[in-house]
Amino acid sequence: MLKIGELRRKHPLMLQLSYPSPDPDYAELVVRALEELGVEALMLENPVRLKLIGKGFRNIVLIGIRGGVRVALKVRRLDYAVKSTYREAYMLEQANRIG
């Protein structure tokens with residue numbers, strides 16, 4: 001597990017947030033968004049790799065800790081042309097309400 005505050009000091013790990021190509025500016029935006037959402041930490045596969053549990057056309061999915069609970073974190077892929085995932089978030093919210 002890696003605390004969000006430590007992520008900036010571990011630059012190679014932080015750059016993994018800008019999948020598929022390393023981009024420090026985008027990775028920093030993701031870190032700020034995670035902090036704003038109250039994510040406390042990210043799970044690691046090993047000391048040099050974040051725990052990636054899914055990779056899709058639009059997003060990657062990581063495991064994080066928020067409020068002491070494991071959560072799935074969808075991070076928009078850097079190479080996805082649409083810059084907003086609001087519609088997708090809305091659809092997921094609706095699906096979760098149904099069960």
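For the structure itself, consult the block above.
Now for a description of the structure that goes with this document. The structure displayed is predicted, hence computed values, not measured ones.

## Description of the overall build of the chain
Each helix and strand counted, the chain has 4 helices and 7 strands in total. The N-to-C order of helical and strand elements in the chain reads β-α-α-α-β-β-β-β-β-β-α. Here the chain has a C-alpha radius of gyration of 13 Å; the compact-globule value for 99 residues is 13 Å, and the two agree. By its C-alpha atoms, the chain is 40 × 35 × 20 Å across when sized along the principal axes. Long-range contacts, defined here as pairs at least 24 residues apart, represent 45% of the contacts in the chain between residues at least 6 apart. Counting only carbon and sulfur atoms, one obtains 56% of the accessible surface of the chain, whose full area is about 6600 Å². When the 17 basic and 11 acidic side-chain charges of the chain are each reduced to a single mean position, those positions are 5 Å apart.

## Notes on the pairing of strand β2 (residues 39-42)
In terms of strand pairing, strand β1 (residues 2-3) meets β2 through 2 bridges, oriented antiparallel. Counterpart to Leu2 in the pairing with β2 is Leu42. Examined bridge by bridge, β2 and strand β6 (residues 59-66) share 3 bridges and lie antiparallel to one another. If you follow Leu42 over to β6, its bridge partner there is Gly64.

Cut-offs used in this document
- Each chain carries its own residue numbering, running from 1 in the written order of its sequence.
- Restriction of local features to residues with pLDDT of at least 70 applies here, the model being predicted, together with a cutoff of 80 or more for giving and counting side-chain atom pairs; totals for whole chains, interfaces and linings are based on all residues.
- The side-chain numbers reported here are obtained from all heavy atoms of the structure, hydrogens and water having been left aside.
- Working definition: helices are DSSP H or I runs of at least four residues, strands are E runs of at least two. Numbering for both runs from the N terminus.
- It is over C-alpha atoms that the radius of gyration is taken, and the globule rule equals 2.2 Å times the number of residues to the power 0.38.
- Residue contacts are defined here by distance: any two heavy atoms, one from each residue, within 4.5 Å place the two residues in contact.
- In short, Shrake-Rupley with a 1.4 Å probe defines the accessible areas, and a residue's cover is counted only from the protein chains shown.
- Within this scheme the basic residues Lys and Arg register as positive and the acidic residues Asp and Glu register as negative, but His and the chain ends are omitted.
- Where a charge lies is defined by one atom per residue type: Lys uses NZ, Arg uses CZ, Asp uses CG and Glu uses CD.
- Note: two strands are recorded as paired if DSSP finds a minimum of 2 bridges between them.

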